[in-house]
Amino acid sequence: MTATVEVPAYVVPVAADVTFRIRRFIPEVDSEPHWEDYTLSLFPTDRVLTALDRIKGEQDGTLTFRRSCGHGICGSDAMRINGRNRLACKTLVKDLDISKPITVEAIKGLPLEKDLVVDMEPFFAAYRAVLPFLITEGHDPSLERLQSAEERARFDDTTKCILCACCTTSCPVYWTDGQYFGPAAIVAANRFIFDSRDAGAEQRLEILNEKEGVWRCRTTFNCTDACPRGIEVTKAIQEVKRALIFRKV
């Protein structure tokens, strides 16, 4: 006797009307930012970036935001969605409460240029200041600079950073102190401080030992929660603090 196996019917996702409340700012027109609502039909698996593309293409061509790869690699579409820093390309409609408007606004702590676009230069200036590149000593080697698997694993987590600024612009210290290096810059420094091939650890530690360096961190864990790549940002900052105290890397 042959058993009958019931195969469940494929469930087709149902589209629903979703309202986005976007904080707009057009410098030629507005003295202050203001909110505007847009409603469109979306599937649960649609992304916030998809919604923004459709709003711009179908409803309001003046809406301005950054995007590039659309796959969570470039980090260009970081924004505040329902009060949290996220990447629009990685945030699905089904993971948000659509019973009320979804709020979308620019990340905080950086100068607002237009709508969801901020001036990233202060962020990158802090990044450049920590010397985010391999510093070696002596002549160029005739062979590769080899590492063991354990040595490479020591700084693996911090290599995942995509410079989206989600961590830095979620930090309340950064919001109020424009001179603070911020979490992303410290993560970049950590990546090289603990690289066995690098000879610039002391330089970076001295830079981060300044008043606006790692000691401004208040360990609120906002940065860790905001990181779309899952980097343990707060842990990386604490490692730099310990390295400064004990001068051992």
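In what follows, the structure referred to is the one given above.
All values reported here derive from a predicted model rather than from experimental measurement.

Caption draft 1: Structural view of the overall build of the protein. Scanning the protein from terminus to terminus reveals eight helices and seven strands. For the protein, the spread of C-alpha atoms along the three principal axes comes to 75 × 65 × 35 Å. Taking all 249 residues of the protein together, 43% fall into the buried category. Looking at the protein alone, contacts between residues at least 24 apart form 63% of all its contacts between residues at least 6 apart. Of the roughly 13,500 Å² of accessible surface on the protein, a fraction of 52% belongs to carbon and sulfur atoms. For the protein, the distance from the average position of its 33 positive side-chain charges to the average position of its 36 negative side-chain charges is 3 Å.

Caption draft 2: Broad picture of the state of the cysteines. Using the criterion set out here, one finds zero disulfides in the structure. Not part of a disulfide, cysteine 89 finds its nearest cysteine sulfur in cysteine 69, a span of 5.6 Å. No disulfide involves cysteine 171; its sulfur sits 6.8 Å from that of cysteine 223, the nearest cysteine. Its relative accessible area of 10% is what places cysteine 171 among the buried residues.

Caption draft 3: Quick look at the nonpolar core. Judged by nonpolar contacts, the single largest core of 68 residues is most densely connected at Phe20, Ile22, Leu52, Leu208, Val233 and Val240. Ranked by the residues each element gives to this core, the list is headed by helix H5 (residues 183–193), at seven residues. Once residues lying within four places of it in the same chain are set aside, the contact partners of phenylalanine 20 are Glu36, Asp37, Tyr38, Leu40, Leu42, Val48, Ala51, Ile55, Ile102 and Val104.

What counts and how
- Residues numbered from 1 in each chain as written.
- Predicted model: local features only at pLDDT ≥ 70, side-chain atom pairs only at ≥ 80, totals over all residues.
- Heavy atoms only, no water.
- Helix = DSSP H or I, 4+ residues; strand = E, 2+ residues; numbered from the N terminus.
- Buried < 20%, exposed > 50% of the residue type's maximum accessible area, 1.4 Å probe, protein only.
- Contact = heavy atoms within 4.5 Å.
- Areas by Shrake-Rupley, 256 points an atom, 1.4 Å probe, with all protein chains shown as cover.
- Lys, Arg positive; Asp, Glu negative; His and termini not counted.
- Charge placed at Lys NZ, Arg CZ, Asp CG, Glu CD.
- Disulfide = S-S within 2.5 Å.
- Core = buried A, V, L, I, M, F, W, Y, C linked by side-chain atoms within 4.5 Å.

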